[in-house]
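Tertiary structure, described
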Amino acid sequence: MAGPAAAREVMGNQRGTFMETSDFFHVRNGVLGPRSAQIEIGRAARSLIRHRLDAHRADLPRLVAGRLVPTSTWPDAGNLLVREHLRDVLLCPDAPAELHKAVDGIITRAVLAGARQRHSVMSRLLFRRRAMSALVQEAQARRRAGVAEPRDLLDVAVTGAGLAVDPGEAAEVYLSFLFATVGSLGFALGWSVYLVGTHPDTSTDEPSWIVREALRLWPVAWLFARRPSREHELAGVTVGPHDEVNVCLYLVHRHPRHWERPDEFEPRRWATPLHDPAFMPFGFGPHTCAGATVTMTLLQDLISIITRDWHLSVTATGNGPHLGPALAPPRFTAELHARGATARGGE
Ligand code: HEM
């Protein structure tokens, strides 16, 4: 589906014409349930991240200076910066050192763009078994000890809104959190930096416009599969339980009837508030992303610091976007020079 109306019909599922599903809460034996627990887990995660962002907002300029100056290699730099800023929320400092190592390994072997091609199948399989077993053991230990107040996203997955979540399933939901935070959020940062760096005239635009326009052109979550629950008509086509309906946000977000110059990066199109149905980077309907607002906050804060304090230049070093379950930016190098320093240098 490339049309906004049909895409909303599929994702909103108001008539119940599609099977109820959730990629995020997908676990070995189906989907972690009940739905009320999924909603509570999403809320608890959002509130944990929100708290962390509010408490550590003042650290961001130093983080940017320390990680991105003078040069950085993307998209990994975006993922690793997000990991650094959310480190204690991803895994609390008290967690066993072995588990910290396992989570770092999951990030480098599975979350980073092209990670799968960087390691052999055998090494990935062996690592995955070890890392999952470390996560499940910790989930078991935390469940036995009881979690009063969640300290990190593993606690959120283990407590499962008061449900006794199976430790294996909690570990799988925890992986979804790693992919959403370090992965999706890091890639979205990469796209914003890449686009503003390759369109220097936009660097003085509002950070919120830059981020939205980057998410419109290159929606990190770009493809959704749904299965009809019964035969019905969708956008003039009959679909049924044997079909898989795919919604492609990349096409929805560039729909020529909704966007002028749809393929151009024009942050200023967001200067007047737009509520276009052809924009849904965080999904639509009951499963809309629980992390949307915290994601936007962090992205806008970072883009604001990068464009306000630094001159940014970007050199592409790869062959275009990396297409996987997430749409990751191409490989590129970013150079940051302090605005004051460049002005003095030019005198
Ligand atoms: C750029 C970053 C992100 C993007 C583009 C994104 C996108 C999405 C999309 C499109 C969905 C709907 C999936 C569907 O309908 O099947 C979703 C669901 C979800 N996201 Fe995100 N996400 C991002 C970051 C995050 C973060 C940081 C969190 C952490 C709290 C998060 C938590 C969730 C949860 C819990 C769901 C499931 C919601 C439900 O089924 O109730 N996401 N996300």
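Everything below is about the structure printed above this text.
Heads up: these notes are all about the structure in this document.

Conventions used here
- Within each chain, residues carry numbers counting from 1 in the order of the written sequence.
- Given that this is a predicted model, residues contribute local features only at a pLDDT of at least 70 and side-chain atom pairs are listed and counted only at 80 or more, while totals for whole chains, interfaces and linings are drawn from all residues.
- Being near a molecule or strand means, for a residue, that its C-beta atom, positioned from the backbone, comes within 6 Å of it.
- The secondary structure listing takes helices from DSSP runs of H or I that are at least 4 residues long and strands from runs of E that are at least 2 residues long, numbered from the N terminus.
- Here the nonpolar group is Ala, Val, Leu, Ile, Met, Phe, Trp, Tyr, Cys and Pro; Asp, Glu, Lys and Arg are the charged ones; every other residue, Gly included, is treated as polar.
- Whether two strands pair comes down to DSSP finding at least two bridges between them.
- Each axis is a line fitted through C-alpha atoms, taken for helices only over the stretch in contact, and angles between the N-to-C directions span 0 to 180 degrees.
- Contact criterion: two residues are in contact if their C-beta atoms, reconstructed from the backbone, are within 7 Å.
- Orientation is classified from the angle alone, with under 35 degrees giving roughly parallel, over 145 giving roughly antiparallel, 65 to 115 giving roughly perpendicular, and any other angle giving oblique.
- In this scheme the handedness of a crossing depends on how the near helix is turned from the far one: anticlockwise by less than a right angle means left-handed, clockwise means right-handed.
- With C-beta atoms placed from the backbone, a residue is labelled by how many other C-beta atoms lie within 10 Å of its own: buried for 20 or more, exposed for 12 or fewer, partly exposed between the two.
- How far a helix is expected to stretch is found by multiplying one less than its residue total by 1.5 Å.
- A set of buried residues drawn from Ala, Val, Leu, Ile, Met, Phe, Trp, Tyr and Cys, joined through C-beta atoms within 7 Å, is what defines a nonpolar core.

Some details on the site of the ligand
Of all residues adjacent to the ligand, which total 28 residues, the nearest are Ser184, Gly283, His287, Cys289 and Gly291. Of all elements in the fold, only α2 (35-55), α10 (167-198) and α13 (292-309) reach the threshold of two or more residues within the shell around the ligand. Residues of the shell around the ligand, tallied by class, amount to 17 nonpolar, 9 polar and 2 charged.

Quick notes on the sheet that holds strand β11 (residues 332-338)
In sheet architecture, strand pairing relies on hydrogen bonds along the backbone and comes in two forms, parallel and antiparallel. The strand order β3-β11-β8 describes an open sheet built from 3 strands, whose pairing is antiparallel. Of all the strands in the sheet, the pair left with one neighbour each is β3 (71-74) and β8 (310-316). Geometrically, the sheet is characterised by an average inter-axis angle of 20° between neighbouring strands, direction not taken into account. Here 4 bridges tie β3 to β11, and the two strands are oriented antiparallel to one another. Residue pairing across strands places Ser72 opposite Ala334, the latter belonging to β11. On the sheet, α10 packs against β3, β8 and β11 and is oriented at approximately 95° with respect to β8.

Description of unusual backbone geometry
Backbone torsion omega between Val69 and Pro70 reads 0°, so that peptide bond is classified as cis. Its location among the elements puts Pro70 in the loop between α3 (60-68) and β3. In the segment running from Trp74 into Pro75, the intervening peptide bond is cis, with an omega of 5°. Located in the positive-phi region is Asn13, a residue other than glycine, with phi close to 45°. Along the chain, Asn13 turns up in the loop between α1 (4-12) and β1 (26-27). Positioned with a positive phi, Arg261 is a non-glycine residue whose angle comes to about 40°. Among the secondary structure elements, Arg261 is positioned in the loop between α12 (249-252) and α13.

Quick look at the pairing of β11
Direction of pairing for β8 relative to β11: antiparallel, over a ladder of 7 bridges. Its bridge partner lying in β11, Ser313 is registered against Glu335.

A short note on the packing of helix α4 (residues 76-85) against α10
The relative placement of two packed helices comes down to the angle between their axes together with the axis-to-axis distance. It is at 7 Å that the axes of α4 and α10 come closest, and there the two elements cross at 125°. Taken together, the axis directions place α4 and α10 in an arrangement best described as oblique. Crossing geometry of α4 relative to α10 is assigned as right-handed. In contact with Gly78, Asn79, Val82 and Arg83 of α4, α10 contributes Thr181, Val182, Gly183, Leu185, Gly186, Phe187, Leu189, Gly190 and Val193. Here the contact of α4 with α10 is composed, by residue class, of 6 nonpolar, 6 polar and 1 charged.

A short note on the environment of Ser304
Checked against the element boundaries, Ser304 lands in helix α13. Under the C-beta neighbour-count criterion, Ser304 is labelled partly exposed, with 17 such atoms within 10 Å. It is 9.4 Å that separates the C-alpha atoms of Ser304 and Ser203, two residues lying 101 residues apart in sequence.

Regarding helix α8 (residues 121-145)
An ideal rise of 1.5 Å per residue puts 36 Å on 25 residues; α8 measures up with 36 Å between its terminal C-alpha atoms. Burial in α8 covers these residues: Ala131, Ala134, Leu135, Glu138, Ala139 and Arg142. Buried residues along α8 sit against α6 (97-111), α9 (153-159) and α10. Looking one or two places after α8, you find Gly146, whose phi comes out positive at around 85°.

Section: the nonpolar core
Counting residues in each nonpolar core, the largest one holds 89 residues, and the members touching the most others are Leu153, Ala157, Tyr174 and Ala188. Residue contacts for Ala157: discarding those within four places in its chain leaves Ile41, Val165, Ala170, Val173, Tyr174 and Phe177.

So, the environment of Pro228
Note that Pro228 resides in the loop between β4 (223-226) and β5 (232-234). Among the residues examined, Pro228 registers 19 C-beta atoms within 10 Å and is labelled partly exposed. Among all residues touching Pro228, those that are not within four sequence positions of it are Thr17, Phe18, Val239, Gly240, Pro241, Asp243 and Val245.

Some details on the packing of α3 against α4
Packing of α3 against α4 leaves a shortest axis separation of 11 Å and a crossing angle of 140°. Classed by the angle they form, the pair α3 and α4 counts as oblique. Seen from above, α3 lies across α4 with right-handed handedness. Between α3 and α4, the contacting residues are Leu63, Arg67 and Leu68 on the first element and Ala77, Leu81, Glu84 and His85 on the second. When the residues that make up the contact of α3 with α4 are grouped by side-chain class, the tally is 4 nonpolar, 1 polar and 2 charged.

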